[in-house]
Amino acid sequence: MGSLELQSHGQATDDMDTQPPLLYMDSRLADQAIHHVLEEVSEDDDEPSQQCSASSCGTILNSLGIDHGRNEKAFGGILQCTPTDPIDPSPEMFRDLKFVLTCEVERSHDSLVGFRKEHYTKRLVAGGGIVYDEIPRDVKNTILISNEHCQTSKYFHALLLGIPCVSHEWIEDCVNNNRTYEECRINRIQRTLYLHRGRDLVTEKVVRQDKDLKEPLKPFKRQIVYLQGSKKFKESWTELVETGGGEAIKAWFRNTSELSLPTIVASDCTSRPSKTTVNFNVPIVNQDWLKQCVILGKLADIDPFKQN
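Residues numbered from 1 in each chain as written. Predicted model: local features only at pLDDT ≥ 70, side-chain atom pairs only at ≥ 80, totals over all residues. Heavy atoms only, no water.

1. Observations concerning the environment of leucine 296
You can see leucine 296 is positioned in helix H9 (residues 287-296). Judged by relative accessible area, leucine 296 falls into the partly exposed class, the value being 24%. With sequence-adjacent residues up to four places away left out, leucine 296 is seen in contact with Arg197, Asp200 and Val207. (Helix = DSSP H or I, 4+ residues; strand = E, 2+ residues; numbered from the N terminus. Buried < 20%, exposed > 50% of the residue type's maximum accessible area, 1.4 Å probe, protein only. Contact = heavy atoms within 4.5 Å.)

Next up, the structure:
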């Protein structure tokens with residue numbers, strides 16, 4: 001599957017519309033806490049110990065005015081205090097599995113906070129897994145890994161193809177508990193570690209991922225979509241629409257008799273709808289309608305997204 005670049009606003013690991021980054025705490029406080037933790041574990045030793053208790057880390061964080069419980073995820077592995085030699089997965093742990101990693105905003109690895117692709121890639125490969133830059137053609141035994149649900153091209157493709165979208169915490173659970181090959185199969189992944197499909201763009205309610213889905217959802221089935229906007233927008237959504245069972249057309253019809261299937265015009269809002277499409281009296285929507293269809297897994301109501 002070819003590389004996709006979707007509309008972006010600001011820095012993101014996949015070129016798609018980016019939401020503001022979720023910051024768990026001020027980075028200065030995080031760095032200060034980490035510094036204190038490392039001082040604590042090395043105070044009476046020539047070298048830092050391999051591990052200290054989470055409770056002592058929590059005491060240090062609380063002394064800095066940081067809620068230990070609420071910020072546990074933000075620190076990732078820091079609350080287990082393993083500054084060197086983290087636990088390695090067994091070489092068979094992720095054998096026969098394929099992985100794609102994605103997130104909208106990746107924090108610097110220096111901060112030790114957030115989703116660190118390089119870190120998880122090394123763990124998966126060390127455990128016998130194969131990590132792909134893009135969704136592989138053969139999606140059998142493929143898992144998408146992210147820190148949360150997002151609107152990247154990879155995430156949307158995974159949803160449309162029925163690929164499980166799973167939290168990166170699953171990797172840590174497998175490694176830290178030294179799980180066996182059999183325990184790390186897709187059908188053994190806990191339901192709580194499945195990420196949501198996304199958030200409904202109209203109601204803002206969370207849309208859950210169906211762990212027991214038997215086949216991929218086709219939200220654009222028997223739907224013609226004329227994409228109007230930038231080249232990047234057209235290329236990106238052409239593949240997504242077609243993966244979702246629809247037909248993305250590049251040229252508009254000459255007359256209304258050619259409109260054999262329900263047709264909609266989707267615009268990236270960078271240009272006004274052409275007079276030709278307006279004259280055909282077909283609905284024109286913004287690109288959020290496309291996203292809504294993927295998130296819901298079905299053809300979405302056009303009214304909240306109409307431009308005409």
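Right, picking up where we left off after that structure.
2. Structural notes on the packing of aromatic side chains
Counted by the stated rule, this structure contains five aromatic pairs. Seen in terms of ring centroids, phenylalanine 94 and phenylalanine 99 are 5.8 Å apart; in terms of plane orientation they differ by 85 degrees. Their pairing is edge-to-face. Since its relative accessible area comes to 0%, phenylalanine 94 is described here as buried. Here phenylalanine 99 falls in the buried class, since its relative accessible area comes to 0%. (Phe/Tyr/Trp six-rings, centres within 6.5 Å; stacked < 30°, edge-to-face > 60°.)

3. Points about the pairing of strand E7 (residues 224-228)
Within E7, five of the five residues are buried, leaving the element largely enclosed by the surrounding structure. Covered by surrounding structure in E7 are Ile224, Tyr226 and Gln228 together with Val225 and Leu227, the residues of both alternating faces. In this structure, E7 lies alongside strand E8 (residues 247-249), joined through three bridges in parallel fashion. Bridged to valine 225 within E8 is alanine 248. Tracing the backbone out of E7, into helix H7 (residues 231-243) and back to the parallel element E8 gives a crossover that is right-handed. (Pairing = 2+ DSSP bridges. Right-handed = clockwise from strand over helix to strand, strands pointing away.)

4. Notes on the pattern of salt bridges
Enumeration according to the criterion identifies eight salt bridges in this entry. Between lysine 98 and aspartate 138 there is a salt bridge, and its shortest N-O distance comes to 3.8 Å. Here the residue lysine 98 occupies a position in strand E1 (residues 98-101), and aspartate 138 occupies one in the loop between strand E2 (130-132) and strand E3 (142-146), the gap between them amounting to 40 residues. Linking aspartate 212 and arginine 191 is a salt bridge whose minimum nitrogen-to-oxygen distance equals 3.1 Å. Here aspartate 212, found in the loop between strand E6 (206-207) and E7, pairs with arginine 191, found in the loop between helix H6 (169-176) and strand E5 (198-199); they are 21 residues apart in sequence, far enough to count as distant. Here the salt bridges do not stand alone but share partners, grouping Glu92, Arg95 and Asp96 into one network. (Salt bridge = Lys/Arg side-chain N within 4 Å of Asp/Glu carboxyl O.)

5. Observations regarding H9
Most of H9 is tucked away: eight of the ten residues are buried. Every buried residue of H9 is listed here: Gln287, Trp289, Leu290, Lys291, Gln292, Cys293, Val294 and Ile295. Where H9 starts, the residue carrying a side-chain oxygen 2.9 Å from the main-chain nitrogen of aspartate 288 turns out to be asparagine 286. Two residues or fewer past H9, glycine 297 is found with a positive phi of approximately 75 degrees. (Polar contact = N/O pair within 3.5 Å; in protein donor to acceptor, adjacent residues only side chain to side chain.)

6. Remarks on H7
Along its 13 residues, H7 runs 19 Å from first to last C-alpha, staying within 8% of the 18 Å computed at 1.5 Å per residue. Those residues of H7 that fall on the buried side of the exposure criterion are Phe233, Ser236, Trp237, Thr238, Leu240, Val241 and Thr243. Those residues of H7 hidden inside the fold are in contact with helix H5 (153-161), E7, E8, strand E9 (263-267) and H9. Just beyond H7, the residue with positive phi is glycine 245, at close to 90 degrees. (Expected span 1.5 Å × (residues − 1).)

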